[in-house]
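One letter stands for each residue in the lines below.
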Amino acid sequence: MEKLLSVKKIVVGNQQVKILRDISFEVKEKEIVSIVGESGCGKSMTLRTIIKLLPKNLEILSGEIYFDRIEIRKYNEMEKIRGKEIGMVFQEPSSYLNPLFTIGNQIEESIKENISKKEKKEKIVNILKEIGLSPNVYYQYPHQLSGGMQQRAMIAMSLINKPKLLLADEPTTALDVTTAFGIINLLKNLISKYGLSIIFVTHDISLARYISDKIIVMYAGMILEKGNADLVYNKPLHPYTQKLITCLPEKYKKGEKIRTIEGEVPSFKNLPIGCPFSPRCEYRQKLCEEKIPEEIEVDNRIVRCIRYGNFMEN
Amino acid sequence: MRRYILNRLFQFIPLLIGMTFISFLIIQISPGDYFTQLKMNPEISPETIENMRKLFGLDKPVIIQYFYWLKNIFSFNLGVSFSYHVPVSFLIKVRLKNTIALSIFSIFLTWIISIPLGIYGAIKDKKIQERILSFFAYIGISLPGFFIAMLVIFFISKTAILPLGGTTSIFYENASNFEKFIDYLKHLLVPGLILTLSGIGSLYRLMKNNFLETLNSPYIFTAYAKGIPTYKIYFKHALRNAINPMITIFGYELSGILSGAGLVEIITGWPGMGRLVLEGVLSFDLYLVMASLLIGGILLILGNLLADILLALTDPRVRLR
């Protein structure tokens, strides 16, 4: 399989803070990659970096992003890529759909092909059917749809141009479990049908294992572990990943107390000098607090921890 | 939709009756009436005053007076002015026309200027263009209307580029219809400009803030992520959403047609309702004041109805209800 997207040593931030540090990963064709981590660890920012839609006060400070042989960082016609080559689906469809326009209207304006209005409508109705919505949705406004239907409409909107890559920013977090399951299966089916790759952001590491080929574990703007989904889930190497997995509800016996990870996620304004997880880590050594570990390949995956490798030169 | 409008219009009748009843009561309960002032005059005998009171129906209880007035309203009779001894409708006809012309002219001008400026300010937020605009907006908001009026009048009287005071020039009688219209417009320009200048600032700020807030909405981010050109995001997605709250304000503004221009009318000598109603209030000219309150109430209600209809046209979520 060929590489579709490769992110190399990306740093995002401004003079005061660095939101993303040394982010590198790859997405191959027809691959689902999940990014997991706690709230505010930079998962969504990673997605926004890929389509260069960062908040005004942040910018890409260094690194490279290649998408389909285009260097995104130097590319100036992002309008041609956004929506056409890379689609995006969001967490809360109700606020990410414009309340004043019909679903049909909002899908239609994203069509990049130069075809007649009638053909456009035909195309939209087809994709609505494919995604499991009635063609009537074309004439409906977002507030007339349920959360699950809105999310399906959103997916239809992001797939209308048959993009190569879909960025899914917690698409199921705002939905109830059964609706979410429907959406997940829909996404899985779409991959085989459209031959598309997905970057799937979620809090839920077991959902990530269910849906994806590869898992990336992020913490405080850094990748701590990445590799094959089953491998990372069944045999986590990084202490943070291990903690995350032991906290999962399905790992409890009846009557057992709920486990948590002691401590808090550090704020971006006050990051530890060394390994970002060091204040909460039980294997912490003195050096962990002073230096950031390098990414190292162990056991068919990449992990950033001193227990398996060396520290980075600052 | 038609049923909804009819329904709303129907609800207005009790609303208007309630409103006029309370105003009538408040005017009549306050001590004194038009004839109290006449008592000061030794040349008018107390009997004459009593007779006049009877003539105008002021000797009856307030409630009865109100129902007499209401009955007359339903036969389109606004009553007689105490001080001018002519029917109120005759008195306010021309002045109402002048005031409405002035208000509509200035509201139109204010909106047509401040809405685009607001959008421009929001797009250029925190850049030099926005800072300059906002600086002038602050000045416009902080200066009281009468002060702006004085400045404009001072400027006009120094340069004499526009006529000041009244609605017509000396040659008006002999002019053609078109010349009459132009002459009227020229006279309208000074009070109109003053009202516009004092209104732009706040409306600009409202529009700018609305537009800015809309630009930060998630659905605008979606539009960017869809690869839609920026101008289309501004003028399709953001504009429609940002203009919604403005429509409600527009409805209120319409209700201020009568009262909003009062001060400027008096300062610039524009013969509108302003001075007439002010004098009416000061001299307890009951039916004149009631007529102006009634028209104001009707305008308020119509303005709100218009805003609701416009809102229903632009926002599908309102249409449902």
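In this numbering scheme, every chain counts its residues from 1 along its sequence in written order. Each chain is given a letter, starting from A, and each ligand a number, starting from 1, according to the order in which they appear as written. Per-residue local features are limited, in this predicted model, to residues with pLDDT of at least 70; the limit for side-chain atom pairs, both in listing and counting, is 80 or more; totals at the level of whole chains, interfaces and linings are taken over all residues.

Visitor: Outline the overall build of chain A, supporting the account with residue identities and numerical values.
Guide: Each helix and strand in chain A was counted, giving 10 helices and 12 strands. Here the globule rule reads 2.2 Å times residues to the power 0.38, and the radius of gyration is calculated from C-alpha atoms. A compact globule built from 314 residues should have a C-alpha radius of gyration of about 20 Å, and chain A, at 20 Å, falls within 12% of that. With the C-alpha coordinates aligned to their principal axes, the bounding extent of chain A is approximately 65 × 55 × 35 Å. Exposure classification rests on a simple neighbour count of other C-beta atoms within 10 Å of a residue's own: a residue reaching 20 or more is buried, one at 12 or fewer is exposed, and one in between is partly exposed. C-beta atoms are placed from the backbone. Residues counted as buried form 42% of the 314 residues belonging to chain A. A run of H or I in DSSP becomes a helix once it reaches four residues, and a run of E becomes a strand once it reaches two; helices and strands are each numbered from the N terminus.

Visitor: If you had to explain the overall build of chain B to someone new, which residues and values would you point to?
Guide: Within chain B one finds 14 helices and 0 strands. In sequence order, the secondary structure elements of chain B are arranged as α-α-α-α-α-α-α-α-α-α-α-α-α-α. Taken along its principal axes, the extent of the C-alpha atoms in chain B is 85 × 55 × 40 Å. Here, residue contact means that the backbone-derived C-beta atoms of the two residues sit within 7 Å. Residue pairs in contact within chain B that sit at least 24 positions apart in sequence constitute 73% of those at least 6 positions apart.

Visitor: Any chance you could break down the interface of chain B and chain A for me, citing the residues and the numbers?
Guide: Residue-level contacts link 17 residues of chain B with 19 residues of chain A. Of all elements in the fold, only helix H9 (218–225), helix H10 (230–255) and helix H14 (316–320) of chain B reach the threshold of two or more residues within the side of chain B that touches chain A. Among the residues forming the side of chain B that touches chain A, the class breakdown is 8 nonpolar, 5 polar and 4 charged. Under the scheme applied, nonpolar residues are Ala, Val, Leu, Ile, Met, Phe, Trp, Tyr, Cys and Pro; charged residues are Asp, Glu, Lys and Arg; polar residues are all the others, including Gly.

Visitor: If you had to explain the nonpolar core to someone new, which residues and values would you point to?
Guide: Counting residues in each nonpolar core, the largest one holds 87 residues, and the members touching the most others are Ala156(A), Leu167(A), Ala168(A), Ile199(A), Phe200(A), Met218(A) and Tyr219(A). Among the elements that take part in this core, helix H6 (residues 147–159) of chain A stands out by supplying 7 residues, more than any other. In this structure, Ala168(A) is in contact with Val89(A), Leu187(A), Ile198(A), Ile199(A), Phe200(A) and Val201(A), ignoring residues within four places of it in sequence. The nonpolar core criterion groups buried Ala, Val, Leu, Ile, Met, Phe, Trp, Tyr and Cys residues into a set whenever they are joined through C-beta atoms within 7 Å. In terms of nonpolar packing, the next biggest core, distinct from the first, is built from 26 residues, Ala122(B), Leu195(B), Leu203(B) and Met246(B) among them.

Visitor: Lay out the pairing of strand S3 (residues 32–36) of chain A in plain terms, naming residues and giving numbers.
Guide: Residues and elements named next belong to chain A. Of all the 5 residues making up S3, 5 are buried; the element is thus mostly covered by neighbouring parts of the structure. Neither face of S3 is exposed, since Ile-32, Ser-34 and Val-36 on one face and Val-33 and Ile-35 on the opposite face are all buried. Pairing of S3 with strand S8 (residues 197–202) involves 5 bridges; the strand directions are parallel. Across the sheet, the residue bridging to Val-36 is Thr-202, located in S8. Looking at chain direction, S3 and strand S9 (residues 214–219) are connected through 4 bridges and run parallel. Bridging from a neighbouring strand, Ser-34 pairs with Ile-215 of S9. In this analysis, strands are considered paired if DSSP registers two or more bridges between them.

Visitor: Quick rundown of the domain arrangement of chain B? Include the residues and the values.
Guide: All names here are of chain B. Taken domain by domain, chain B consists of domain 1 (22–77) and domain 2 (95–320). The interface is formed by 8 residues belonging to domain 1 together with 7 residues belonging to domain 2. Of all the secondary structure elements, the ones that give two or more residues to the side of domain 1 that touches domain 2 are helix H1 (2–29) and helix H2 (34–39). The element that contributes the greatest number of residues to the side of domain 1 that touches domain 2 is H1, accounting for 3 residues. Of the residues belonging to the side of domain 1 that touches domain 2, the class tally is 4 nonpolar, 3 polar and 1 charged. Residue ranges for the domains originate in an automatic or database domain assignment.

Visitor: Before we move on, can you summarise the sheet that holds strand S12 (residues 301–303) of chain A with the specific residues and values?
Guide: All names here are of chain A. Spatially, S6-S7-S8-S3-S9-S10-S12-S11 is the arrangement adopted by the 8 strands of the open sheet, whose pairing is mixed. For this open sheet the edge positions go to strand S6 (86–89) and strand S11 (296–298), each flanked by a neighbour on one side alone. Between one strand axis and the next, the sheet turns through 20° on average, direction left out of account. All axes are obtained by fitting lines to C-alpha atoms, using only the stretch in contact for helices, and the reported angles, taken between N-to-C directions, cover 0 to 180 degrees.

Visitor: Outline the environment of Ile257(B), supporting the account with residue identities and numerical values.
Guide: All names here are of chain B. Structurally, Ile-257 is set in the loop between H10 and helix H11 (262–268). Remark: the alpha-carbon pair of Ile-257 and Gln-28, spanning 229 residues in sequence, is separated by 26 Å. If near-sequence neighbours (up to four positions away) are discounted, Ile-257 is found in contact with Ile-100, Ser-103 and Leu-299.

Visitor: Talk me through unusual backbone geometry; I want residue IDs and the actual numbers.
Guide: Positive phi is not limited to glycine here, since Glu170(A) has a value of about 45°. Tracing the backbone shows Glu170(A) in the loop between strand S7 (165–169) and helix H7 (177–194). Overall, Glu170(A) belongs to the buried group, with 21 C-beta atoms counted inside 10 Å. The phi dihedral of Phe284(B) is positive, around 55°, even though this residue is not glycine.

Visitor: Please provide a residue-by-residue account of the packing of H1(B) against helix H13 (residues 286–314) of chain B, values included.
Guide: When two helices pack together, their arrangement is given by the angle between the helix axes and by the axis-to-axis distance. Residue and element names in this part refer to chain B. Remark: H1 packs on H13, axes separated minimally by 10 Å, with the N-to-C direction vectors making an angle of 150°. Taken together, the axis directions place H1 and H13 in an arrangement best described as roughly antiparallel. Seen from above, H1 lies across H13 with right-handed handedness. Contacts between H1 and H13 pair Ile-5, Arg-8, Phe-12, Leu-15, Leu-16, Met-19, Thr-20, Ser-23, Phe-24 and Ile-27 from the former with Leu-286, Val-289, Met-290, Leu-293, Leu-294, Gly-297, Ile-298, Ile-301, Leu-305 and Ile-309 from the latter. Residue composition of the contact of H1 with H13, grouped by class: 16 nonpolar, 3 polar and 1 charged. Here roughly perpendicular refers to angles of 65 to 115 degrees, roughly parallel to angles under 35, roughly antiparallel to angles over 145, and oblique to all remaining angles. Handedness of a crossing follows from how the near helix is turned relative to the far one, being left-handed for an anticlockwise turn of less than a right angle and right-handed for a clockwise one.

Visitor: Give a detailed account of the environment of Phe35(B), specifying residues and quantitative values.
Guide: Residues and elements named next belong to chain B. If you trace the backbone, Phe-35 turns up in helix H2. Phe-35 gets classed as partly exposed once you count the C-beta atoms within 10 Å, which come to 17. In this structure, the C-alpha to C-alpha distance between Phe-35 and Arg-53, residues 18 residues apart in sequence, is 7.5 Å. Non-local contacts of Phe-35, meaning those with residues more than four positions away in its chain, are made with Ile-49, Met-52 and Arg-53.

Visitor: Kindly report on the sheet that holds strand S4 (residues 59–67) of chain A, identifying the contributing residues and their values.
Guide: Taking strand neighbours across the sheet as the criterion, the 4 strands line up as S2-S1-S4-S5 (chain A) in an open arrangement whose pairing is antiparallel. This sheet does not close on itself; its edge strands, each paired only once, are strand S2 (18–28) and strand S5 (70–71) of chain A.

Visitor: Which residues make up the pairing of S2(A), and what values do they have?
Guide: One face of the sheet, then the other: side chains in a regular strand alternate in exactly this way. All names here are of chain A. In this structure, strand S1 (residues 3–13) lies alongside S2, joined through 7 bridges in antiparallel fashion. Bridging from a neighbouring strand, Lys-3 pairs with Lys-28 of S2. In sequence, S1 turns back onto S2 through a hairpin of 4 residues.

Visitor: Break down H6(A) for me, citing the residues and quoting the values.
Guide: Residue and element names in this part refer to chain A. Here, expected helix span is obtained from the residue count minus one, scaled by 1.5 Å. For H6, which comprises 13 residues, the first-to-last C-alpha distance of 18 Å matches the rise-based estimate of 18 Å (1.5 Å per residue) to within 8%. By the criterion of burial, H6 is predominantly enclosed, with 12 of the 13 residues buried. Those residues of H6 lying buried are Gly-148, Met-149, Gln-150, Gln-151, Arg-152, Ala-153, Met-154, Ile-155, Ala-156, Met-157, Ser-158 and Leu-159. Against S6, helix H3 (93–96), helix H4 (103–108), helix H5 (117–130), S7 and H7 lie the buried residues of H6.

Visitor: I'd like a rundown of H1(B), residues and numbers included.
Guide: Here H1(B) spans 41 Å end to end across 28 residues, near enough to the 40 Å set by a 1.5 Å rise per residue. The element H1(B) is largely exposed, with a buried count of 1 among its 28 residues.

Visitor: Please provide a residue-by-residue account of the packing of helix H8 (residues 177–215) of chain B against H10(B), values included.
Guide: Residues and elements named next belong to chain B. Where H8 meets H10, the axes come as close as 8 Å, and the angle between the chain directions of the two elements is 140°. Considering the angle they form, H8 stands oblique to H10. Where H8 crosses over H10, the two elements pack in a sense that is right-handed. For the pair H8 and H10, the contacting residues are Leu-206, Met-207, Asn-210, Phe-211, Thr-214 and Leu-215 in the first and Ala-238, Asn-241, Ala-242, Pro-245, Met-246 and Ile-249 in the second.

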